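Structural overview
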Amino acid sequence: MTALTTSGVRDAAAPGRAAGRPGRPSRSPRERAGRRRRWLLTAALTAAAMVVVFPLYWMVVSALTPGGQSQSSEFYLWPDAPTTANFGEVFAQQPVWRWLGNSFFIAGVGTALSVCVSLGAGYALAKFRFRGRGLLYAAFLVTIMIPIQVTLVPSFLITARLGLVDSPWAVILPTLFDVVGIFIARQFMLGVPDALIEAARLDGAGEVRTFLRVVLPTCGPLVGVLVILGFMNRWNDFLWPLVVLQGNENLTVPVGLSTLTNSPAFTSPWGAVMAVATVAVVPLLVVFLVFQRTFVQGIASTGIK
Amino acid sequence: MSRNAEPLLQESPPRPGGRAPHRGARGPAGGAGHAPSASGRRSRWVPYAFVGPAGLLFLGFSLVPIVIAVALSFQDTATLGEGEWVGAANYATMTSDPLLRTALLNTLVFTVGTVPTAMVVGLALAIALNRPLPGRAALRALFFVPMVAAGVVVGVIMSWIFNPDYGVANNALEALGLDGLPWLTSPRTAMLTLVLVVVWTRIGFCMVIYLGALQSIPSELREAAAIDGAGRWQRLRRLTVPMLAPTTSILLILNVVFSLQAFDVIYVMTGGGPGFSTTVLIQYVFRSAFADARMGYAAALGLLLTAVLLVFTLLRQHATKRAEDLL
Amino acid sequence: MDPQTPTRRRLSRRAFIAVAGISVAGALAACSGAPTTTKHLRLSSWNIPLDLESYQAIADEFVAAHPGTSVAVEVTTGQFHQWFISRLAADLAPDIIRITPQQIGRYAANGSLLDISGQVPADFQRDYSEAFWAIGAREDGLYGVFQHTDNFITYYDKKVVEQIGVDVPQSLDEAWRWDEFLEIAREARRITGGYGFGYGWGGPETAYRWLPIVYQAGGSFLGDDGATPSMDSEAAVRALEFGRSWYRDGLVSHANMSKSGGGAVARDLFLTGQIGLLLDNPESIAPLDEGRPDEWGTTYMIRDVGEASDLGGNALAVTKSTKHPELAAELVAHITSREKVVEFCRRGNWLPARSSLDAGDIGYERHAGTMQQFIDQATTIPLSMVRAESGEYFSSLNAVFADYLDLCFLGELTPAECGTQMTEAMRSVTER
């Protein structure tokens, strides 16, 4: 990972250096101009980033404003009297910790299992020829084009018939099949050299062993990408868990949030909503900040290119 | 979808002849534990075993619901299982539904507004943030942040920010001595505001995917181009963009899918209004299914959406192939 | 949970035979709960913490009086129809549902809710106005009991009203007529420098909160038969004209329309001093107390040739998913009994749906005067509006209403055009 990054840095800087090679005296103004441009670009990007982050910053501000009343006809960037009262209140009134725990369990277990399913499917679709492969893959891809509103009720009936409803497995199981994950896995596996697999088979390794000992170890970046994308999608998943989970204690964070909004019967306590929303975003943010480099490197090597 | 991958596919089938002796020598191998001599038969079931879990899940949780939905689209029903078969009546209704026509047009505007914008901005950010800039990692993370917020929350926050009377957007404009804008409250600006918001949620994703693709462009190529004296703009046009074409292709399809299925943000921010100015197809599917309780019609509308996507994808692939043939 | 025998017919049954063929499915279906002799009920309510506590407390008493039963209070998630339709389809809906008058009609009509007239004491009806009883009562049975209500009255900024120098109505008869109100609103607009007043919609699903204006004009949403769309009547068009003038004259902000979202726009405008008057329900009391304590007062809802106010509140109903219909109905009767309604309303600051209760009986801790105004105002809710809103097609009709109201208020359609086109669109729903 580090190697890749530094090489990226080097070659991006290379042209300027190559062009400015002739001699020391002429290099210095040129380099200074380059550096100035770099700082200008950084400044511009930082300004843009501030604008981009602002709405979420505003979410936090709203959560810290009494009664959620961050609305004002005056322009301000920070509340006069920030308070954590919204957090205190909503944590006292709603089982937010349980929601977080449920979300972690569902997103964690779901992601782990789904990554296994996607790896297997990706491997088969990339490295084997078998009857129906093309059709199967095409059918997989078509499923992402069908809006969930249409399949919601039929899917719910099936899940109900399996006796899963109201348990976390009702969320986990039907979402294990992850088309984008399979797609990414297949793309990556296409790039795994056949020679490697052949060599393992020549050594007499069985299919499972070949997969586990030879193919899988090359899949580090792929697994990283699948885990991050999978976790993020599951963490934010809303419509499906909304219909299959029941009982305030058993909800995930986005569904819990939805019980506080979207109701024609009462007006939402927006301060509380923003507090929960803030709490919901933080874990994902941490995951992304920690794995940001791995993620980008992973995408680079997964073959979505 | 990556061109150089296809030859791999052709070579991938196992060649039993080369393997047999070794396997015989080592006996039953690994977890498979099947008779070594049956290698031919074995290679036949192996791929099915690997794809099996995905296949079963697909069958149970995707295919069957889809088949039911297709069946529903030929029924007149409020709840599942109690419908009357009405043939293609739902599809016939679509042809004379004025609201559907409005919704399709709005969907087109929304998609054309969001997809290319998000991709171009994402690409620009990726190119900029692929350079050795100070604070690069932090900047990347910041641009990615909007992706992690739930749709409902984005909707509410943005409604507050863009409220013309007490929203921070107009407050800021007025503090700068400018006139406030009507944002979501005028049929003429509501769609534009929504596009802006949705692009905002999308640029981080496009940026990350492009960043990954940029880093996989061999550095020798760029160095060679630089030595050939290609300027920055030329390198971008002649080298970077073509090298990114497969990524662009995938991002395009994903973005179109996202845009066609964008529901929460629009529902919360405008409810399809003012008037019908932001009523898009997915809104209408939702409304038919759950506000109107016309499951059959909703299913037909949903399948129309799917058909639009499929046609788009196929056209796109066709266009790519033709472009490749020409090269 | 033990899976019941499939009651779905035709299509779905065949589909499930197909699914059952999958071995994974068979294996998973094996896990079902052990049968139990305790009769368990689930009651689903909106996620309002005080109410959840009240329901649980009332249910606990019920359980104590009925050995061998248990009751769990659960929360209804967002996207009500999506959630409820899916749940009903699989017979997994809660036994008892807290549901709004605008939502109940479809489910009462299509067999999703059960007739509970057998378990609800006959004397209940005597303590209800005809309008409130009509929410659950249909020709073929009683599908819900209205538990608590709310409606719209007028909140005013004390300073603004003082500056205008107008007297605030002290009784329903004195309520501001439209003309008077518009005049006051114009003055208020001058004083605030923003707008005159605000209207308390809460998102696209609450367009119906404007229907009282139609009834105040002497119009109706659906004709006398409760089925024929009649928004093209002279009176209805006059109401639309009145509404159009709100926006044309800058008395109401364009951001304050039924579909524009992001919370309670009108209330926020009031809190930020940009309007002097606010037509809204009791939910504004707490935020106003917090944001502008002692700076506001309340009076009755505006009126024209007729009186009317919004139909808010919730009924309790028993769903067809229940395995203990009689017990569930008994619990509904228990919760909606006079004594329990008092308890529930005091705790949650709701208005009782029973006619014999006033603010003194409930014993509100704060703003008893305002609460009494709301209770008085509730008597003005017209029966025909209640019938229309709790009718079978109302959620569809409400969506149509929202669309065309927008077009009229924005000036894209004249009030007359709007009335005609809205009626036409409504007809395509009722004649579907």
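Everything below is about the structure printed above this text.
For clarity, every value in this text was computed on a predicted model and none was experimentally measured. (Residues numbered from 1 in each chain as written. Chains lettered and ligands numbered in written order. Predicted model: local features only at pLDDT ≥ 70, side-chain atom pairs only at ≥ 80, totals over all residues.)

A few points about the overall build of chain B
Rule in force here: The helix and strand labels rest on DSSP assignments: H or I over at least four residues marks a helix, E over at least two residues marks a strand, and numbering proceeds from the N terminus. Exposure classification rests on a simple neighbour count of other C-beta atoms within 10 Å of a residue's own: a residue reaching 20 or more is buried, one at 12 or fewer is exposed, and one in between is partly exposed. C-beta atoms are placed from the backbone. A residue pair is marked as a contact if its C-beta atoms, positioned from the backbone, fall within 7 Å.
Helices and strands together make up the secondary structure of chain B, namely 15 helices and two strands. Among the 327 residues that make up chain B, the fraction classed as buried is 49%. For chain B, the share of sequence-separated contacts (at least 6 apart) that also reach a separation of at least 24 residues comes to 65%.

Some thoughts on the sheet that holds strand β8 (residues 197-199) of chain C
The pairing of strands in a sheet comes from backbone hydrogen bonds and takes either a parallel or an antiparallel form. Residues and elements named next belong to chain C. For the record, the criterion: Any two strands with at least two DSSP-identified bridges between them are counted as paired. Here an axis means a line fitted to C-alpha atoms, over the contact stretch when the element is a helix, while the angle between two N-to-C directions is reported on a 0 to 180 degree scale.
With mixed pairing, the four strands of this open sheet are ordered in space as β8-β9-β7-β10. The open sheet is flanked by β8 and β10 (296-299), the only strands paired with a single partner. Across the sheet, the axes of successive neighbouring strands diverge by a mean angle of 20 degrees, strand direction being ignored. One ladder, built from four bridges, connects strand β7 (residues 153-157) with strand β9 (residues 277-280); its direction is antiparallel. Paired with Ile153 across the two strands is Asp280, which belongs to β9.

Examining the interface of chain B and chain A
Our working rule: Charged residues are taken to be Asp, Glu, Lys and Arg, nonpolar residues to be Ala, Val, Leu, Ile, Met, Phe, Trp, Tyr, Cys and Pro, and polar residues to be all remaining types, Gly included.
The interface is formed by 99 residues belonging to chain B together with 96 residues belonging to chain A. For the side of chain B that touches chain A, the leading source of residues is helix α3 (residues 39-72) of chain B, giving 18 residues. Considering only residue class, the side of chain B that touches chain A consists of 69 nonpolar, 21 polar and nine charged.

Considering the environment of Asn106 of chain B
All names here are of chain B. Looking at the element boundaries, Asn106 is found in helix α5 (residues 98-129). Between the C-alpha atom of Asn106 and that of Phe276, which follows or precedes it by 170 residues, the distance is 8.8 Å. In this view, Asn106 contacts Thr278, Thr279 and Val280; residues no more than four positions away in its chain are not counted.

Things to note about helix α11 (residues 220-236) of chain A
The test is simple: Expected helix span is given by 1.5 Å per residue-to-residue step, counting one fewer step than there are residues.
The first and last C-alpha atoms of α11 of chain A sit 25 Å apart over 17 residues, in line with the 24 Å expected at 1.5 Å per residue. Among the 17 residues in α11 of chain A, 13 count as buried, and that is most of the element.

So, the sheet that holds strand β3 (residues 96-99) of chain C
All names here are of chain C. Taken together, the six strands give an open sheet; going across it, the order is β2-β1-β3-β11-β6-β12, and neighbouring strands pair in mixed fashion. Of all strands in the sheet, those with a lone pairing partner are β2 (69-75) and β12 (351-352), marking the two edges. One ladder, built from two bridges, connects strand β6 (residues 145-150) with β12; its direction is antiparallel. Residue pairing across strands places Thr149 opposite Leu351, the latter belonging to β12. Sheet strands touched by helix α5 (residues 101-109): β3 and β11 (312-318). Its angle to β11, the strand with the most contacts, is close to 30 degrees.

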